[in-house]
Amino acid sequence: MFEVITPAWWAGLTPHDTPSVLLWGQGDGVLGAEQVQDYRGLLPRASVELVEDWTHWPMLEQPADYAAVVTRLARSLG
C-alpha cells in the first residue's frame, strides 16, 4: 500500500466539492485525528465527525455502533 500512496500520489489528487463526512476515531493511533485537516483539502464541503471512543478499526471492534453512526450520517447527507 505504501508503495502506491506516496507524496506524488497525494499531490495528484483533485479536490471534490461534494457533500461528505470525514468519520474519524479520536483514539486512532494509525491516522491521528489531527490528520483530518489533510483530507479536508480534498473534500472542502466535508463535515468532520470525531468519535471519542473509536480507534482505527471501529467497523471490527464496535460493528453495531459503527453501523449506526454510518447510517445516521448517510441519512443526513441524503
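The coordinates are above.
One structure accompanies this document, and this report is about it.

So, on to the nonpolar core. In terms of nonpolar packing, the biggest core is built from five residues, these being Leu-22, Trp-24, Ala-33, Val-36 and Ala-46. Not counting chain neighbours up to four residues away, the residues in contact with Ala-46 comprise Ser-20, Leu-22 and Arg-40.

Assignment of secondary structure puts Ser-20 in strand E1 (residues 20–25). Residues within four places of Ser-20 in sequence aside, it is in contact with Leu-43, Arg-45, Ala-46, Ser-47 and Leu-77.

It is worth spelling out the environment of Gly-25 at this point. Checked against the element boundaries, Gly-25 lands in strand E1. Counting along the chain gives 32 residues from Gly-25 to Trp-57, while the straight-line C-alpha distance between them is 8.4 Å. Excluding residues within four positions of it along the chain, Gly-25 makes contact with Val-51, Trp-54 and Thr-55.

Inspection of the entire model under this criterion finds four aromatic pairs. Aromatic pair Trp-24 and Tyr-39: ring centres 5.3 Å apart, planes at 55°, arrangement tilted. With a gap of 15 residues between them, Trp-24 in strand E1 and Tyr-39 in helix H2 (residues 36–40) connect regions that are remote in the sequence. Residue Tyr-39 is classed as partly exposed on the basis of its relative accessible area, which comes to 22%. Here a set of aromatic residues connected by ring pairs shows up, and it is made of Trp-9, Trp-10, Trp-24 and Tyr-39.

Rules of the game
Residues numbered from 1 in each chain as written. Predicted model: local features only at pLDDT ≥ 70, side-chain atom pairs only at ≥ 80, totals over all residues. Heavy atoms only, no water. Core = buried A, V, L, I, M, F, W, Y, C linked by side-chain atoms within 4.5 Å. Buried < 20%, exposed > 50% of the residue type's maximum accessible area, 1.4 Å probe, protein only. Contact = heavy atoms within 4.5 Å. Helix = DSSP H or I, 4+ residues; strand = E, 2+ residues; numbered from the N terminus. Phe/Tyr/Trp six-rings, centres within 6.5 Å; stacked < 30°, edge-to-face > 60°.

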